[in-house]
2 protein chains.
Amino acid sequence: MAKHKRETMKKKRGKIVLASGTFDLLHLGHVKYLEEAKKAGGSNAKLIVIVARDKTVEKRKGRKPVMPEEERKALVESLKVVDEAILGRENFDISDVIDEIKPDVIAVGHDQANIEEQVRKAVVRKGLPIQVVRIGRYGKPELDSSLKIKKKVTELYKG
Amino acid sequence: MAKHKRETMKKKRGKIVLASGTFDLLHLGHVKYLEEAKKAGGSNAKLIVIVARDKTVEKRKGRKPVMPEEERKALVESLKVVDEAILGRENFDISDVIDEIKPDVIAVGHDQANIEEQVRKAVVRKGLPIQVVRIGRYGKPELDSSLKIKKKVTELYKG
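Everything quoted here is computed from the prediction, not taken from an experiment.

Some remarks on the sheet that holds strand 4 (residues 105–108) of chain B
Residue and element names in this part refer to chain B.
Turning to step 1, where the next piece is worked out: Across the sheet, which stays open at both edges, the five strands sit in the order 3-2-1-4-5 with parallel pairing between neighbours. The strands lining the two open edges of the sheet, one partner per strand, are strand 3 (84–87) and strand 5 (131–134). In this sheet, adjacent strand axes meet at a mean angle of 25° when their direction is disregarded.
Turning to step 2, where the next piece is worked out: For strand 1 (residues 16–21) and strand 2 (residues 46–51), the ladder comprises six bridges, and the chain directions are parallel. Its bridge partner lying in strand 2, G21 is registered against V51.
Turning to step 3, where the next piece is worked out: With respect to the sheet, helix 4 (residues 69–77) is in contact with strand 2 and strand 3, its orientation differing from that of strand 3 by roughly 165°.

Quick notes on the interface of chain B and chain A
Turning to step 1, where the next piece is worked out: Taken together, the contact between chain B and chain A spans 30 residues of the former and 29 residues of the latter.
Turning to step 2, where the next piece is worked out: In this assembly, chain B packs against chain A so that about 2900 Å² is buried in total across both faces, 68% of it on carbon and sulfur atoms.
Turning to step 3, where the next piece is worked out: Where chain B touches chain A, the interface holds zero salt bridges.
Turning to step 4, where the next piece is worked out: For the interface between chain B and chain A, the tally reads six residue pairs in polar contact (both at pLDDT 80 or more).
Turning to step 5, where the next piece is worked out: Counting only elements with at least two residues in the side of chain B that touches chain A, the list comes to helix 2 (28–39), helix 4 and helix 7 (146–157) of chain B.
Turning to step 6, where the next piece is worked out: Sorting elements by how many residues they give to the side of chain B that touches chain A places helix 7 of chain B first, with eight residues.
Turning to step 7, where the next piece is worked out: Of the residues assigned to the side of chain B that touches chain A, the class counts are 19 nonpolar, three polar and eight charged.

Thoughts on the relation of the copies chain B and chain A
Turning one copy of the chain about an axis and sliding it along that axis gives the other copy, so a rotation and a shift relate them.
Turning to step 1, where the next piece is worked out: Taken as rigid bodies, chain B and chain A are interconverted by a rotation of 180° and an axial shift of 0.0 Å, the fit giving an RMSD of 0.0 Å. Viewed as a symmetry operation, the transformation between the two copies matches a two-fold axis.
Turning to step 2, where the next piece is worked out: Mapped onto chain A, 97% of the interface residues of chain B are again interface residues, and the two copies thus contact each other with one and the same surface.

What counts, and where the lines are drawn
Residues numbered from 1 in each chain as written. Chains lettered and ligands numbered in written order. Predicted model: local features only at pLDDT ≥ 70, side-chain atom pairs only at ≥ 80, totals over all residues. Heavy atoms only, no water. Pairing = 2+ DSSP bridges. Helix = DSSP H or I, 4+ residues; strand = E, 2+ residues; numbered from the N terminus. Axes fitted to C-alpha atoms, helices over the stretch in contact; angles between N-to-C directions. Contact = heavy atoms within 4.5 Å. Buried area = accessible area lost by both parts, 1.4 Å probe. Salt bridge = Lys/Arg side-chain N within 4 Å of Asp/Glu carboxyl O. Polar contact = N/O pair within 3.5 Å; in protein donor to acceptor, adjacent residues only side chain to side chain. Nonpolar A, V, L, I, M, F, W, Y, C, P; charged D, E, K, R; others polar. Least-squares fit on C-alpha atoms with pLDDT ≥ 70 in both.

Without other data, these values stay purely geometric and don't point to any function.
Structure (structure tokens):
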């Protein structure tokens, strides 16, 4: 009974969907990923986005992002689809994130295979009913990755 | 009386604010400009943003934008602050735009001195009660212009 009541309440408040990324040089691929992520939570879903810290990005990709973390976070939060954006921790641990945010759905981007594995393991370990959703790549655009945008900028402006 | 009624209705529906730009490589300076623009229209303002066509940008700046026009438009429209984004005409004429959109306020960015002059002239010529607002530069950030971002990308990724 108590469980049933909790579930009804959850239905009303909408699911919490968690997405994450660097979001350096924001492009339409990012927005489509976030929109699909939110959609995976059904109606009334709330989308919380973790934006990676500069140091985390540097550690993972060997390069600092172009835009500093506070600006990336603020830009992500200025999107219609985003309810809340928060900066990640320097020592990102998906397990802590799950405890803190208590998501119903975790959305993983097409280029986040590493993260997907970590997430799936953590979910199984915790035995929580969290849905892990892989979001497909967004259609045809040439400029659906920050790296491609950077390459195009470099081509156009070299010299 | 009729005029009074119209004005009351206008008050209810909120003012239409028009902003414009290229919005190539979206950054926080763009968002702040759009937020200030909307604020200039008071409560319930509706913000319509004209996004410059690729050809117009090429003609004015001598270089194509990095992001194609449809993507720039879609990205601008995905911002919370924006009610509607439309692509400009190839032969941009502020006078036609005013006739079409009937803005109450036209917001000009800190780097749009040319456009401001055109707008002010058109408003005077038409004798319309349109408020022209110059939006100041947004604070301190280093990366508040697309050109600076492009330069930083080029520095980081050259070689």
